[in-house]
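Commentary on secondary and tertiary structure
Listed here are the chains, written in short residue letters.
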Amino acid sequence: MNAHATAKPHRDAALVAAACRRIEQAEVSPSLDELAQAAALSPHHFHRVFKAVTGLTPKAYAQAHRGKALREALAKPGAKVVDAAFNAGFNASSRFYDSADALLGMKPAQYRDGGADARIEFAIGQCALGAILVARSGRGLCAISLGDDPDALLRELQDRFPRAELVGGDAAFERLAARVIGFVEAPGIGLDLPLDIRGTAFQQRVWDALRRIPAGTTASYAEIAARIGSPKSARAVAQACASNTLAVAIPCHRVVRSDGALSGYRWGVERKQALLAHERAAIEPRPEKRERGE
């Protein structure tokens with residue numbers, strides 16, 4: 001491989017990192033043309049490079065960053081929704097209310113008030129890895145948690161949504177929860193259900209990269225950092241993995257240390273080991289059965 005080919009990924013990562021800083025520091029999100037011009041690329045080429053490095057389009061990255069700013073503004077004591085919107089870069093109230101629900105997973109006032117008036121269905125059961133809690137907001141699955149103590153899983157959900165209405169799921173939700181349990185025990189079957197993913201712009205970049213790791217394989221924290229265009233952020237990648245609240249659906253169990261050793265896992269290293277072993281066993285070719293009488 002020549003020096004030009006070797007340098008290109010580093011150059012692309014540097015261009016995208018600069019564009020990310022530009023988006024984060026701008027009062028009004030820069031347009032695709034503005035970002036491409038700053039990178040000295042055509043809009044089409046820049047869009048393709050940006051998505052290849054971060055896993056997000058420039059627009060999606062700007063939305064994720066604005067969502068982080070909005071959550072931080074609403075979390076301040078005595079926050080007013082209008083002021084929070086302005087501080088997060090929304091200069092038009094109509095544009096704010098059109099997108100705030102998608103950014104927060106609920107109405108801005110509900111988020112500010114700890115999930116007041118939000119309705120979250122949940123179910124608790126047992127799977128091969130112990131107790132499991134499955135929860136769904138109006139936008140999709142917002143929690144898949146594993147543990148030894150079902151009550152502790154429920155308390156954690158209550159802490160995340162202190163003023164939401166938590167309700168036990170009906171028969172239809174119980175069937176959905178059974179599908180999730182089946183997916184946890186056999187990730188290869190896939191999970192075609194909407195997810196309510198809430199996190200910072202950086203966390204969402206990491207989580208999107210994790211969902212691209214095939215079942216039965218692993219990647220290191222450093223490799224994920226490089227894939228999202230932040231090669232020096234392996235430690236921040238590990239923190240993003242620890243902040244994941246959707247076990248297996250966002251497969252942070254597939255991320256390991258550079259030497260291949262297992263490190264911390266929100267739901268216990270033993271569960272991480274079991275998930276990886278189960279996935280590898282599922283994709284290994286099975287020996288052909290011998291014909292009778294052979």
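The model shown is predicted, which means the values in this text are computed figures rather than measured ones. (Residues numbered from 1 in each chain as written. Predicted model: local features only at pLDDT ≥ 70, side-chain atom pairs only at ≥ 80, totals over all residues. Heavy atoms only, no water.)

Turning our eyes to something else, we now look at the overall build of the chain. In terms of regular secondary structure, the chain is built from 13 helices and six strands. The 294 residues of the chain split such that 44% are buried. Long-range contacts, defined as pairs at least 24 residues apart, comprise 57% of the intrachain contacts of the chain with a sequence gap of at least 6. Of the accessible surface of the chain, which amounts to about 16000 Å², a share of 50% is contributed by carbon and sulfur atoms. (Helix = DSSP H or I, 4+ residues; strand = E, 2+ residues; numbered from the N terminus. Buried < 20%, exposed > 50% of the residue type's maximum accessible area, 1.4 Å probe, protein only. Contact = heavy atoms within 4.5 Å. Areas by Shrake-Rupley, 256 points an atom, 1.4 Å probe, with all protein chains shown as cover.)

Enumeration according to the criterion identifies seven salt bridges in this entry. Here Arg 257 and Asp 259 are joined by a salt bridge, their closest N and O atoms 3.4 Å apart. According to the relative accessible area criterion, Arg 257 is partly exposed, its value standing at 40%. Exposure remark for Asp 259: the relative accessible area of 59% places this residue in the exposed category. (Salt bridge = Lys/Arg side-chain N within 4 Å of Asp/Glu carboxyl O.)

Predicted confidence across the chain gives a mean pLDDT of 80, with 76% of residues reaching 70 or more. Per-residue pLDDT, averaged within each element of the chain, yields its smallest value for helix H6 (residues 93-104) (54) and its largest for strand E5 (residues 219-220) (96). The low-confidence segment residues 1-5 (pLDDT under 50) makes two contacts with residues lying over four places distant or belonging to another chain. Below pLDDT 50 for its whole length, residues 289-294 participates in zero contacts with residues either more than four positions away or in separate chains. (pLDDT = per-residue confidence, 0-100.)

Our focus in this paragraph is the side chain of Ser 137. Considering the arrangement of structural elements, one finds Ser 137 in the loop between strand E2 (130-136) and strand E3 (141-147). Using a relative accessible area of 9% as the deciding quantity, one classes Ser 137 as buried. Of note is the side chain of Ser 137, whose polar atom sits 2.6 Å from the side chain of Asp 196. (Polar contact = N/O pair within 3.5 Å; in protein donor to acceptor, adjacent residues only side chain to side chain.)

The subject of this paragraph is unusual backbone geometry. Its identity is not glycine, yet Ala 40 carries a phi of approximately 60°, on the positive side. Its location among the elements puts Ala 40 in the loop between helix H2 (32-38) and helix H3 (43-54). Look at Val 248: it is not a glycine, yet its phi comes out positive at around 70°. Position of Val 248 among the secondary structure elements: in the loop between helix H12 (234-242) and strand E6 (255-256).

Our next topic: the environment of Ala 178. Structurally, the position occupied by Ala 178 is in helix H9 (residues 171-185). The class of Ala 178 is partly exposed, set by a relative accessible area of 45%. Sequence spacing of Ala 178 and Cys 127 is 51 residues, and the spatial spacing of their C-alpha atoms is 9.5 Å.

Core analysis: the largest hydrophobic core is formed by 40 residues, its most contacted members being Leu 141, Ile 144, Val 184, Leu 210 and Ile 224. Counting residues per element, the ones that place at least two in this core are strand E1 (119-127), E2, E3, H9, helix H10 (201-210), helix H11 (221-227) and H12. Sort the elements by how many residues they give to this core and H9 lands first, with seven residues. The contact partners of Leu 141, leaving out residues within four places of it in the chain, are Val 134, Ala 135, Arg 136, Leu 176, Val 180, Leu 191, Leu 193, Pro 194, Leu 195, Asp 196 and Leu 246. By size, the runner-up hydrophobic cluster in this structure holds 16 residues, among which are Val 16, Leu 35, Leu 56 and Ala 62. (Core = buried A, V, L, I, M, F, W, Y, C linked by side-chain atoms within 4.5 Å.)

By the definition in use, this model includes three aromatic pairs. Their ring planes at 50° and their centres at 5.7 Å tell us that Phe 46 and Phe 50 sit as a pair that is tilted. Placement of the pair is Phe 46 and Phe 50 together in helix H3, with a separation of four residues, close to one helical turn. Judged by relative accessible area, Phe 50 falls into the buried class, the value being 0%. (Phe/Tyr/Trp six-rings, centres within 6.5 Å; stacked < 30°, edge-to-face > 60°.)

At a minimum axis separation of 9 Å, H10 and H12 run at an interaxial angle of 80°. As the angle between them shows, H10 and H12 are arranged roughly perpendicular. For the pair H10 and H12, the contacting residues are Phe 202, Gln 203, Val 206, Trp 207 and Leu 210 in the first and Ala 236, Val 237, Ala 240 and Cys 241 in the second. When its residues are assigned to classes, the contact of H10 with H12 shows eight nonpolar, one polar and no charged. (Axes fitted to C-alpha atoms, helices over the stretch in contact; angles between N-to-C directions. Parallel < 35°, antiparallel > 145°, perpendicular 65-115°, else oblique. Nonpolar A, V, L, I, M, F, W, Y, C, P; charged D, E, K, R; others polar.)

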